[in-house]
Amino acid sequence: GLGEAAGRLEEALGAARALRARAEGLEGERRERAAAEELVERQRQAFRDLTAMQDAHTNELRDINIDMKGRLSAKRGEIDGMATTNTAAAAELERNAADLKQRRQARVPRY
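About the thresholds
- The residue numbers shown here count from 1 along each chain, following its written sequence.
- Totals for whole chains, interfaces and linings use every residue, but because this is a predicted model, local features are given only for residues with pLDDT of at least 70 and side-chain atom pairs only at 80 or more, for both listing and counting.
- By convention in this description, side-chain values take in all heavy atoms of the structure and omit both hydrogens and water.
- Labels follow the DSSP assignment, with helices taken as runs of H or I lasting at least four residues and strands as runs of E lasting at least two, numbered in each case from the N terminus.
- Radius of gyration: C-alpha atoms only; globule rule: 2.2 Å multiplied by the number of residues to the exponent 0.38.
- Whether a residue is buried, partly exposed or exposed follows from its accessible area with a 1.4 Å probe, protein chains only, as a fraction of its type maximum: under 20%, in between, or over 50%, in that order.
- Asp and Glu count as negative and Lys and Arg as positive, but His and the ends of the chain are not part of the count.
- Here the site of a charge means atom NZ of a Lys, CZ of an Arg, CG of an Asp or CD of a Glu.
- Residues enter patches when they are more than 30% accessible in relative terms and free of salt bridges; like-charged ones are connected within 9 Å and nonpolar ones (Val, Leu, Ile, Met, Phe, Trp, Tyr) within 5 Å.
- Computed with a 1.4 Å probe, the accessible areas rest on the Shrake-Rupley method; for each residue, only the protein chains presented here act as cover.
- Only one rule defines a salt bridge in this text: a Lys or Arg side-chain nitrogen within 4 Å of an Asp or Glu carboxyl oxygen.

## Here's the deal with the overall build of the protein chain
Consideration 1: A count of helices and strands for the protein chain gives 1 helix and 0 strands.
Consideration 2: Since a compact globule built from 111 residues should have a radius of gyration of about 13 Å, the 48 Å found for the protein chain marks it as more spread out than a globular shape.
Consideration 3: With the C-alpha coordinates aligned to their principal axes, the bounding extent of the protein chain is approximately 165 × 15 × 5 Å.
Consideration 4: Going through the 111 residues of the protein chain one by one, you find that 1% of them count as buried.
Consideration 5: Side chains of the protein chain carry 21 positive and 20 negative charges; the gap between the two charge centres is 14 Å.

What follows is the structure in structure tokens.
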């Protein structure tokens, strides 16, 4: 009768509560998994950003290296040019000195 019906109702309510608790547990697991996936994606993005920064830095260093090699090469050319100019100037000084010596000797009176 009535007692049996109440018992079955109580059982049904208990089963419904258990189902609800199970559903809430599954929903909690789903949220945790979604949060974990989001974290993994953020980490992947951070890694991609870091890689991009590293690539940019590597390219910048390569450009600086190329620039420095160019400047060094230009400086070497400049130094070689100066050396050539100095050699020419030294030769001219020697010629002038020899010329001056000859003129002095020419002016010395002979007895």
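## So, a nonpolar patch on the surface
Consideration 1: Taken together, Leu61, Ile64 and Met68 make up a surface patch of nonpolar side chains, about 280 Å² in accessible area.
Consideration 2: Structurally, leucine 61 is set in helix 1 (residues 2–107).

## Comments concerning the pattern of salt bridges
Consideration 1: This structure, assessed with the given rule, holds 11 salt bridges.
Consideration 2: For glutamate 27, the salt bridge identified is with arginine 30, shortest N-O distance 2.8 Å. In this pair, glutamate 27 and arginine 30 both sit in helix 1, 3 residues apart, roughly one turn of the helix.
Consideration 3: Take glutamate 27: its relative accessible area is 30%, and that puts it in the partly exposed class.
Consideration 4: Owing to a relative accessible area of 44%, arginine 30 belongs among the partly exposed residues under this scheme.
Consideration 5: Between arginine 71 and aspartate 67 there is a salt bridge; the shortest N-O distance is 3.2 Å.

## A look at the environment of leucine 26
Consideration 1: Tracing the backbone through its elements, the reader meets leucine 26 in helix 1.
Consideration 2: Between the C-alpha atom of leucine 26 and that of alanine 56, which follows or precedes it by 30 residues, the distance is 45 Å.

## Remarks on the environment of alanine 88
Consideration 1: Here alanine 88 lies in helix 1.
Consideration 2: For the pair formed by alanine 88 and glycine 77, sequence separation is 11 residues and the distance between their alpha carbons is 17 Å.

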